[in-house]
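The chain contents come next:
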Amino acid sequence: MYSLSQRINQVFNVAVLYGGVIVVLVALVSQWQLIHDNAFGLSSSIGGVSPSFNVRTSRYYGSVKGQPKENMRIEFDLDADLSPLFNWNTKQVFVYLTASYNGTEKARGHTVNTVTLWDKIIKTPKEAELHLEHAKGKYPVWDLEDKFSGKDLTFELQWNIQPWVGILTFGQTTGSEVVKVEPKKKPSPTPNADASQQEQQQQHQQPKKKKRVPKNANA
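Residues numbered from 1 in each chain as written. Predicted model: local features only at pLDDT ≥ 70, side-chain atom pairs only at ≥ 80, totals over all residues. Heavy atoms only, no water.

1. Topic: the overall build of the protein chain
Argument step 1. Helix and strand counts for the protein chain stand at two helices and eight strands.
Argument step 2. Secondary structure elements of the protein chain occur, N-terminal to C-terminal, as α-β-β-β-β-β-β-β-β-α.
Argument step 3. A burial count over the protein chain gives 29% of its 219 residues as buried.
Argument step 4. In the protein chain, once contacts between residues fewer than 6 apart in sequence are set aside, the share between residues at least 24 apart is 68%. (Helix = DSSP H or I, 4+ residues; strand = E, 2+ residues; numbered from the N terminus. Buried < 20%, exposed > 50% of the residue type's maximum accessible area, 1.4 Å probe, protein only. Contact = heavy atoms within 4.5 Å.)

Right under this line is the structure:
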């Protein structure tokens, strides 16, 4: 005859087993529901993207030791209906706007870099209907070594479903917007500045003449 502790252990093991099976079924059914509602094929309209650059000396904007750092911010329009992402197993949806661009030539192989410029946490299907005009990006992006200058930025709307039960689900909408960032015009040096720089270089290159001390100076 089994003891009380053995019976409790057996009941607990059976409960954990059936609970795990139920969790797996819930996750699979919720994924099937997303596919049925065409959640992975939702479209979005991104337009009116206008990047702007400014120079800041704050550490929040990437400045190091008070040195000025150039940052990029954007203004954009967005229309998207993400309500199909919500079902009985959706806790909330994290949506974010990204910009992708090709890496530098120094990188090995073909690399694509992605930065996040705007995001939002959506908790209800009503909030999932996005209609934004002249919205501003939340996060500045440091323009290190002119990495955006003269390149194409591809803007896309991506999302992440946080379910009540199961794993995180990632996806993105089908709409995108490509914006070319104009190359920066570097100021041409003035003739006077060039002449002054040459004079300074000549002064540094010329050896300093030692002062001669007369022989009868110690007498």
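2. Concerning the sheet that holds strand 3 (residues 90-102)
Argument step 1. Here four strands make up an open sheet; going across it, the order is 4-3-7-8 and the pairing antiparallel. A single partner strand is all that each edge strand has here, and the edge strands are strand 4 (112-122) and strand 8 (169-180). Averaged over all neighbouring strand pairs, the angle between strand axes comes to 20 degrees, with direction disregarded.
Argument step 2. Relative to strand 7 (residues 152-163), strand 3 is paired through ten bridges, and the arrangement is antiparallel. Its bridge partner lying in strand 7, Val95 is registered against Trp159. (Pairing = 2+ DSSP bridges. Axes fitted to C-alpha atoms, helices over the stretch in contact; angles between N-to-C directions.)

3. Section: the UniProt feature "transmembrane region" (unreviewed entry) in the protein chain
Argument step 1. The sites that UniProt annotates as "transmembrane region" (unreviewed entry) are residues 12-34.
Argument step 2. Helix makes up 100% of residues 12-34 and strand 0%, whereas the separation of the span's terminal C-alpha atoms amounts to 33 Å. (UniProt positions renumbered as here; feature names shortened; annotations may be inferred.)

4. Quick notes on a nonpolar patch on the surface
Argument step 1. Taken together, Val14, Leu17, Tyr18, Val21 and Leu25 make up a surface patch of nonpolar side chains, about 500 Å² in accessible area.
Argument step 2. Mapped onto the fold, Leu17 is located in helix 1 (residues 4-36).
Argument step 3. For Leu17, a relative accessible area of 55% puts it in the exposed group. (Patch = residues over 30% accessible without salt bridge, like charges linked within 9 Å, V, L, I, M, F, W, Y side chains within 5 Å. Areas by Shrake-Rupley, 256 points an atom, 1.4 Å probe, with all protein chains shown as cover. Salt bridge = Lys/Arg side-chain N within 4 Å of Asp/Glu carboxyl O.)

5. As for the packing of aromatic side chains
Argument step 1. For the coordinates displayed, the defined rule picks out three aromatic pairs.
Argument step 2. With centroids separated by 5.6 Å and ring planes inclined at 50 degrees, the aromatic side chains of Phe40 and Trp159 adopt a geometry described as tilted. With Phe40 in the loop between helix 1 and strand 1 (44-56) and Trp159 in strand 7, this residue pair connects regions lying 119 residues apart in the sequence. (Phe/Tyr/Trp six-rings, centres within 6.5 Å; stacked < 30°, edge-to-face > 60°.)

6. With respect to helix 1
Argument step 1. With 33 residues, helix 1 should reach 48 Å at 1.5 Å per residue; the first-to-last C-alpha distance of 48 Å fits that figure.
Argument step 2. Just downstream of helix 1, Asn38 is the residue with a positive phi angle, here 60 degrees. (Expected span 1.5 Å × (residues − 1).)

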